[in-house]
Amino acid sequence: MLVLGIESSCDETAAAVVRGNQVLSDVVHSQIAVHAEYGGVVPELAARDHLVHLRPVVEAALAQANVTLHDIDAFAVTCQPGLSGALLMGMNFGSSLAFALDRPLVGVDHLAGHLLAGFLAFPTEAPPPPLSFPFIGLLASGGHTGVYEVLGPEPEQMHQHGGTRDDAAGEAYDKVAKLLGLGYPGGPVIDRLAQQGDPDRIFLAAPMADKAQLDLSFSGLKTNVMRWVSENGRPQNDQTLRDLCAAFQRRVVESLLKKTRAAAELRGISRVVLAGGVAANSELRRRAAEFFPAPDYELVLPSRRAATDNAAMIAYAGSFSLAAGRDDRGNLTMSPRTRLVTVTRKGAGPRPEGP
Ligand code: KG4
Ligand code: ZN
């Protein structure tokens with residue numbers, strides 16, 4: 001089944017054609033230039049930019065896959081979570097195509113897409129391991145951060161065991177970068193600077209260090225950086241800046257990996273999958289092998305392309321319910337919130353994430 005995926009939940013307009021987990025095309029238009037001067041994503045501008053770019057991006061995805069719209073068997077669009085106006089743009093565009101061509105369409109949870117992205121086969125990359133369940137997924141992106149027990153490909157089978165109590169990991173990168181005058185998005189630039197820094201020269205306290213607690217927190221760490229800057233002045237482009245980035249990055253990376261390992265131990269699951277934009281981080285990738293050594297663990301690292309926002313993961317995540325015969329045309333609903341369930345730690349079982 002040839003599936004065209006459309007992603008527009010935040011600041012990337014993306015389209016992709018997949019067959020199973022085989023990525024035939026993957027086109028991403030980034031809005032970074034639109035939002036850079038504001039130091040973060042402006043929802044209204046994001047929606048307007050999606051409107052302009054959806055058509056050329058979908059056309060490029062079809063051309064790259066060497067297919068026409070009539071070859072597409074089904075459509076998958078991100079319907080949650082995300083910026084409402086941005087989501088509606090992609091959903092409306094995808095729905096129009098599905099109705100016009102009389103093909104099924106499903107709405108996809110963006111977080112489910114991220115959690116499955118490590119199993120996508122991109123033509124120029126090493127083949128991924130075969131998809132199998134269960135696994136522990138660390139999802140760390142700009143909008144969400146949590147540790148999930150993934151029992152199957154549908155959102156209802158993805159249970160969050162710990163999540164951030166405040167900022168997402170990528171959001172912390174972006175806010176600290178803004179504070180340091182490094183521009184948006186902050187992850188890649190802090191990652192690069194940290195590689196030349198000494199993480200031991202500046203002390204920043206570890207966030208939520210209690211091992212028994214699976215929740216994460218990054219706003220305290222961000223405040224610590226802010227306090228350091230107000231006491232010592234904003235470092236210029238020098239070794240102190242690199243050291244500060246290295247100290248911040250080490251705290252984020254260790255916090256993410258410790259909570260993920262704690263969840264794997266708690267649930268007795270040895271397969272661990274990293275996901276989300278922060279999974280592109282060089283230190284996270286390097287240290288994940290140290291936290292999850294073979295043969296005790298099987299670690300699945302998505303390529304950088306698969307980790308950051310893309311539409312191939314949306315098409316792939318949608319392909320499971322499409323194969324089961326689902327068609328959301330006519331009752332497609334948008335939500336700024338996810339459908340993935342949060343597990344309460346008091347033994348009450350899974351509960352849907354509340355509004
Ligand atoms: O998953 P993603 O592409 O979009 C969302 O769903 O949010 O993640 C974007 C986030 C941004 O906050 C960005 O700063 C962060 O991922 N990011 C990184 C790196 N590359 C992107 N964070 C740390 N290190 C990186 N190399
Ligand atoms: Zn994302």
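Details of the structure are given in the entry above.
Read on for a plain summary of the structure. If you're wondering where the values come from, they're calculated on a predicted model, not measured in any experiment. (Residues numbered from 1 in each chain as written. Chains lettered and ligands numbered in written order. Predicted model: local features only at pLDDT ≥ 70, side-chain atom pairs only at ≥ 80, totals over all residues. Heavy atoms only, no water.)

Looking at the coordination of the zinc ion (ligand 2)
In step 1: The coordination sphere of the zinc ion (ligand 2) contains the protein donors His110 (NE2), His114 (NE2) and Asp309 (OD), at a distance range of 2.0 to 2.1 Å.
In step 2: Each of the four donor atoms around the zinc ion (ligand 2) contributes to a set of angles spanning 95 to 134°, which defines the coordination as tetrahedral.
In step 3: Every donor residue of the zinc ion (ligand 2) comes from the same chain, spaced as H-x3-H-x194-D. Here His114 and His110 lie together in helix H4 (residues 110-116), a separation of four residues that amounts to about one turn. (Donors = N, O, S within 2.8 Å, 3.2 Å for Na, K, Ca; no water. Tetrahedral: all angles 85-135°; square planar, octahedral: opposite > 155°, others 65-115°. Helix = DSSP H or I, 4+ residues; strand = E, 2+ residues; numbered from the N terminus.)

Some words on the pairing of strand S1 (residues 2-7)
In step 1: Counting buried residues in S1 gives six out of six residues, a clear majority hidden from the surface.
In step 2: By the alternation rule, side chains of S1 split into Leu2, Leu4 and Ile6 and Val3, Gly5 and Glu7, which are all buried.
In step 3: Here S1 pairs with strand S2 (residues 12-19) via six bridges, running antiparallel. Considered in S2, the bridge of Gly5 is made with Ala16. (Buried < 20%, exposed > 50% of the residue type's maximum accessible area, 1.4 Å probe, protein only. Pairing = 2+ DSSP bridges.)

So, helix H7 (residues 219-232)
In step 1: Helix length check: H7, at 14 residues, gives a terminal C-alpha distance of 20 Å against a target of 20 Å (1.5 Å per residue), a fit within 8%.
In step 2: Within the sequence span of H7, burial applies to Leu221, Lys222, Asn224, Val225, Trp228 and Val229. The buried residues of H7 occupy an angular sector of 155° when projected down its axis, which confines them to one face. In this structure, H7 carries Ser230 and Glu231 as exposed residues pointing more than 90 degrees from its buried face.
In step 3: Close packing links the buried residues of H7 with helix H5 (169-179) and helix H8 (239-267).
In step 4: Gly233 occupies a position one or two residues after H7 and carries a positive phi of about 85°. (Expected span 1.5 Å × (residues − 1). Arc of directions from axis to C-beta. Contact = heavy atoms within 4.5 Å.)

Thoughts on helix H11 (residues 312-323)
In step 1: Relative to the 16 Å expected for 12 residues at 1.5 Å per residue, H11 spans 16 Å between its end C-alpha atoms, a close match to the ideal helical length.
In step 2: The buried fraction of H11 amounts to 10 of the 12 residues, a majority that puts the element mostly inside the structure.
In step 3: Of the positions making up H11, those classed as buried are Ala312, Met313, Ile314, Ala315, Tyr316, Ala317, Gly318, Ser319, Ser321 and Leu322.
In step 4: Downstream of H11 by one or two residues, Gly325 has phi in the positive range, about 95°.

Some details on the packing of aromatic side chains
In step 1: Overall, the coordinates contain five aromatic pairs when judged by the stated rule.
In step 2: A ring pair is formed by Phe119 and Phe135, whose centres lie 5.5 Å apart and whose planes are at 45°; its orientation type is tilted. Within this pair, whereas Phe119 is found in the loop between H4 and strand S6 (135-140), its partner Phe135 is found in strand S6, the two being separated by 16 residues in sequence. A single burial state applies to Phe119 and to Phe135, both of which are buried.
In step 3: Ring plane angle 20° and centroid distance 5.8 Å describe the contact between Phe133 and Phe135, whose orientation is recorded as stacked. (Phe/Tyr/Trp six-rings, centres within 6.5 Å; stacked < 30°, edge-to-face > 60°.)

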